[in-house]
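Geometric and topological summary
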Amino acid sequence: MLGWLLQRVAQALLVIFAMSLVVFLGLHAVGNPADLLLAPDATQIDRAELVARLGLDRPLWEQYLNFVGSALRGDLGRSFVYNVPAVTLILQRLPATLELAFAAMIFAVIIGVPLGLYAGLYPERLLSKLIQTGSILGFSLPTFWVGLLLIMTFSVSLGWLPASGRGETVRVFGVEWSFLTLNGWRHLLLPAINLSLFKVSLVIRLTRAGVREVLPLDYVRFARAKGLRRGRVVMMHILRNIMIPLVTVLGLELGSTIAFAVVTESIFAWPGSGKLILDSINALDRPVVMAYLLVVVTLFVFINLVVDILYRVLDPRVREEASA
Amino acid sequence: MTTKLSTIALSAALIAAAGAASAEDLRIGFADPVSAIDPQLNNHAGDHSVSQHFWSRLVAQKTEGGVVPDIAASWKNLTPNTWEFKLRENAVWSDGKPVTAEDIAFSYERAQAVPGSVASFKGFLRNVAKVEIKDPHTLVITSHAPDPLLPINISSVYIVSKHVGQNAATDDYNSGKAMVTEGPYGFVSYTPGDRIEMKRNERFWGPKPEWEKVNYRYIANPAARTAALLSGDVDVIDKVSFSDIEKLEKNPKVKVWSYPGLRALIMQPSFNPNPSKFLTDKAGKPLDKNPLLDVRVRKALNMAINREAIADRVARGGVTVATQWMPAGSFGYDPDRSKIDVDPNKAKALLTEAGYPNGFKLTMHVPGERYPLAPETAQAIAQFWTRIGVETQVEVVPFSVYSGAANKNEYAMSMIGWGNGTGEGTYAMTAILATANPAKGLGASNWGRYSNPKLDEALAKASAEFDDAKREAIIKDAVKVVMDDVGIMPLYHYKNIWASRPDLKVVPWHSDRTVAMQVSKAK
């Protein structure tokens, strides 16, 4: 177990290093941040001063080594635009994105799994066919369009929910959370539904396919023949066995939801990290982009680790394989 | 059963209460990003809009052009190089201490050396040689060279307090620790990238500010801004999307406030003598000589553009036609150059005369998201030019790439949105028309590297002329010089457009800044 963990960490470090190099070169190729940061009426002297102060006049390898050097000391630099440490900036924004992503994942599971189960168990019923067709819509409708539609319906026409922004927050463990207040939930609901739409469809389809696959297998028939109640068979024998692909996909989806909730965040003016990264890329705010990607990669690695551990809990075969 | 019903009723009431705000509160949804609450960190548009709530300046600019008193009640020119400013006796900081000349001197010093600043304010103070304190409410500013525009320049620099500011860094302003202010509104809280909350400053020296509390929210996406207004999340939005104007004007629940603005969209032809891959013959071979160096070609291109059609069809009335860099009615606008005739036949004849009877191929570049409508406008212009034989392709580039390349004069035809923030003509002359001269700080945004000695001379003369009438005459002459030479091709001026609840009134403040002070209850 320990060896496996160490191997995992070494892999992660390699990924982080490679990623930092690629992103650094990529950001450098896009353009010079000085041109974007300066006021339009800045003179050439101002420009030269700024370039020198940000160290942009140094050779590329030196800039990279400087970055790596201070990163190893735990300093990811200060944002060019906001003049605050990049990590602080990201940690300020991350909770908003985290609660949005988790809310979306929870919706995906509590809506997607029952519907998928139903569609898998009774494939011939009209409702199952409706669910199946509905999930195609979830896949194919563009997020921004659905987002605007949600706003037009629930905020503008009906006036039930606010159109944008994050609600009141409560401070817990030094972090501001909005899911603990009623007002916060009212703001959270629409963007979370918007973000979860694709995932709901995914979960429905995965669950349905899994159920269809497992249903005709011998152990299910045997369990039924043994006289177990249908409900117990579904919960214990079927659901548990289709959890593995579900957990894998949800793990990956969670990562990408946190990292790339950009579209939803920008339509709902949600002050999360997706919007931050978009603004920072547009402004070529290098320290923020670098720090953000490092945080995200670390997050992905961590989620994958959790997924692997969940495998062991869910599937005895994986447990034995690892201990053997 | 009854208890259940009343619970539902109560929670419904609570939800309703959470949505509604008091009549004394104002919620604004704005478009420009804000980098900090520190008013001296960055000279960025969003930062300016925020700072005007909290901070006063020595003198201020209002609406289009002209300088009005702010902390200084009056000022006069002692000699061409020295200015005396008299401060208001009744101006106090929010902690009760009086605003004195010490604060001004400190502010001008700090503004030139804020650590971490990327768009410094020191350009506005470049000509300030020294600030002398005569008594607590009188100060004398000496300039390096005679400078009639000194008051306009310092009107962009906000005054912070010395007693708190001397030990404060940007972080202290952001956290509110150093927010001892003297403007119409006081600081409550700042959530970066999301919102700024303010309250009325009861100690403000001027007329009592209209709103008890102001919630100033950053909503970058134009569709989201419109939705926030329609759903009642905010009371006022700025920079209304051009595609929403028509719809909003018909909506009885919304009022649209549109005013002519200063910001101009301008094309800069490249005067680069070297062959460019963006200027080729019809077969795609780069031309030996840059055709844009010939004034006849520039004239032909300029008269091929139907600006009225662009303003009407592309911008749907959100802009006014530009024939020079400043809009009609502003200081230095030349009525003699108020029209550019649209004449494709004459344009073709000019091209033939210049040696391009079959035209040539040109690629123009435009940033994707920086200037509203710029890509659509470029497409329209490409069609006008293709019609006279100059086959034009439009390349839309992200601004992060565009700014670097345009700055190096790599493009054959670039576009710049110029704010004309000072409200008079020499600002654009200094930055986008003067011959590029890094040592003197001239032509910093002259991306096409246009150079005309007559213009340079006019700029030098105007910069030292204290008589307004004479200075305006010089600027008008400069307009003639540049427009007859087609050194740039101005296209249009953006209107400044706000939308609000119907019971509010929005008046223009200064250029396209968005502030609570411009909103009042409609009587």
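Provided above is the structure to which this section pertains.
An account of the accompanying structure is given in this report. Values in this document were obtained by computation on a predicted structure and should not be read as measured data.

Glancing now at the overall build of chain A. Counting its secondary structure elements, chain A contains 14 helices and two strands. Within chain A, buried positions represent 47% of all 324 residues. Partitioning the intrachain contacts of chain A with sequence separation of at least 6 by distance along the chain shows that 73% fall at a separation of at least 24. Taken as a whole, chain A presents about 16,000 Å² of accessible surface, with 70% of it coming from carbon and sulfur. With 28 positive and 21 negative side-chain charges, chain A shows a separation of 14 Å between the mean positions of the two kinds.

Attention now moves to the pairing of strand β16 (residues 391-397) of chain B. Residues and elements named next belong to chain B. Pairing geometry for strand β15 (residues 361-367) and β16, over seven bridges, is parallel. Bridging from a neighbouring strand, lysine 361 pairs with glutamate 391 of β16. The handedness of the β15 to β16 crossover, carried by helix α12 (residues 374-387), is right-handed.

Now for the interface of chain B and chain A. With 51 residues of chain B at the interface, the matching set in chain A holds 46 residues. Of the roughly 3,800 Å² buried at the junction of chain B and chain A (both faces included), carbon and sulfur atoms supply 51%. Remark: the boundary between chain B and chain A carries three salt bridges. Across the salt bridge formed by B:Lys122 and A:Glu49, the nearest N and O atoms sit 2.6 Å from each other. Our enumeration of links across chain B and chain A arrives at 11 residue pairs in polar contact (both at pLDDT 80 or more). For the side of chain B that touches chain A, the elements supplying multiple residues, two or more each, are α1 (2-19), α6 (170-175), β10 (213-218), α7 (222-230) and α13 (399-407) of chain B. Considering every element that reaches the side of chain B that touches chain A, the biggest residue donor is α13(B), with six residues. Classifying every residue of the side of chain B that touches chain A gives 25 nonpolar, 19 polar and seven charged.

Before going further, it helps to spend a moment on the environment of B:Tyr494. Residues and elements named next belong to chain B. Along the polypeptide, tyrosine 494 turns up in strand β18 (residues 489-500). On the basis of relative accessibility, which here comes to 5%, the residue tyrosine 494 falls in the buried class. Along the sequence, tyrosine 494 and tyrosine 333 sit 161 residues apart, while their C-alpha atoms lie 16 Å from each other.

Looking now at the packing of helix α6 (residues 126-140) of chain A against helix α8 (residues 182-214) of chain A. Residue and element names in this part refer to chain A. Where α6 contacts α8, the two axes come as close as 8 Å, and the packing angle between them is 140 degrees. Our classification of the angle between α6 and α8 gives oblique. In this structure, the crossing between α6 and α8 has a hand that is left-handed. Contacts between α6 and α8 involve Ile131, Gln132, Ser135, Ile136, Gly138 and Phe139 from the former and Leu197, Phe198, Ser201, Leu202, Ile204, Arg205 and Arg208 from the latter. Its residues assigned to classes, the contact of α6 with α8 shows seven nonpolar, four polar and two charged.

Within this structure, the stated rule accounts for 33 salt bridges over all chains. Three or more residues joined by partner-sharing salt bridges are found here, namely B:Glu24, B:Arg200, B:Glu202, B:Glu212 and B:Lys521.

Quick look at the packing of aromatic side chains now. Each aromatic ring pair is described using two quantities: the centre-to-centre distance and the angle formed by the ring planes. Residue and element names in this part refer to chain B. On inspection of all chains with the given rule, the structure shows 26 aromatic pairs over all chains. What links up through ring pairs into an aromatic cluster is the set Phe278, Tyr371, Phe399, Tyr402, Tyr411 and Trp447. Over the ring of phenylalanine 399 we find arginine 370, and its NZ or CZ is 4.0 Å from the ring centre.

All names here are of chain B. Along the chain, glycine 29 falls in strand β1 (residues 25-30). Classification of glycine 29 as buried rests on a relative accessible area of 0%. Separated by 197 residues in sequence, glycine 29 and threonine 226 have C-alpha atoms that sit 9.0 Å apart. Discounting chain neighbours no more than four positions away, the residues touching glycine 29 are Arg217, Ile219, Arg225, Val234, Val236, Ile237 and Asp238.

Our next topic: unusual backbone geometry. Residue and element names in this part refer to chain B. For arginine 449, which is not glycine, the phi torsion reads 60 degrees and is therefore positive. Examined against the element boundaries, arginine 449 turns out to sit in the loop between α14 (426-433) and α15 (453-463). On the basis of relative accessible area, arginine 449 is assigned to the partly exposed category, the value being 32%. Backbone geometry at serine 511 places phi at a positive 55 degrees, although glycine is not the residue there. Within the secondary structure layout, serine 511 lies in the loop between β19 (504-506) and β20 (519-521). We classify serine 511 as buried; its relative accessible area is 8%.

Two faces belong to every sheet, and in a regular strand the side chains alternate between them. Residue and element names in this part refer to chain B. Of the pairings in the sheet, the one linking strand β12 (residues 255-269) to β18 comprises 10 bridges and is antiparallel in character. Looking at β18, one finds that tryptophan 257 is bridged to tryptophan 498. Bridge analysis of β12 against strand β17 (residues 413-418) gives six bridges, and the strand direction is antiparallel. In the strand pairing of β17, alanine 264 is matched with tryptophan 418.

Attention now goes to a nonpolar patch on the surface. Together, A:Phe102, A:Ile106, A:Val109, A:Ile110, A:Ile111 and A:Leu115 make up an exposed nonpolar region whose accessible area comes to about 500 Å². The topology assignment puts A:Leu115 in helix α5 (residues 86-121).

Each value, and the rule that gives it
- Residues numbered from 1 in each chain as written.
- Chains lettered and ligands numbered in written order.
- Predicted model: local features only at pLDDT ≥ 70, side-chain atom pairs only at ≥ 80, totals over all residues.
- Heavy atoms only, no water.
- Helix = DSSP H or I, 4+ residues; strand = E, 2+ residues; numbered from the N terminus.
- Buried < 20%, exposed > 50% of the residue type's maximum accessible area, 1.4 Å probe, protein only.
- Contact = heavy atoms within 4.5 Å.
- Areas by Shrake-Rupley, 256 points an atom, 1.4 Å probe, with all protein chains shown as cover.
- Lys, Arg positive; Asp, Glu negative; His and termini not counted.
- Charge placed at Lys NZ, Arg CZ, Asp CG, Glu CD.
- Pairing = 2+ DSSP bridges.
- Right-handed = clockwise from strand over helix to strand, strands pointing away.
- Buried area = accessible area lost by both parts, 1.4 Å probe.
- Salt bridge = Lys/Arg side-chain N within 4 Å of Asp/Glu carboxyl O.
- Polar contact = N/O pair within 3.5 Å; in protein donor to acceptor, adjacent residues only side chain to side chain.
- Nonpolar A, V, L, I, M, F, W, Y, C, P; charged D, E, K, R; others polar.
- Axes fitted to C-alpha atoms, helices over the stretch in contact; angles between N-to-C directions.
- Parallel < 35°, antiparallel > 145°, perpendicular 65-115°, else oblique.
- Left-handed = near helix turned anticlockwise from the far one by under 90°.
- Phe/Tyr/Trp six-rings, centres within 6.5 Å; stacked < 30°, edge-to-face > 60°.
- Lys NZ or Arg CZ within 6 Å of the ring centre and 35° of its normal.
- Patch = residues over 30% accessible without salt bridge, like charges linked within 9 Å, V, L, I, M, F, W, Y side chains within 5 Å.

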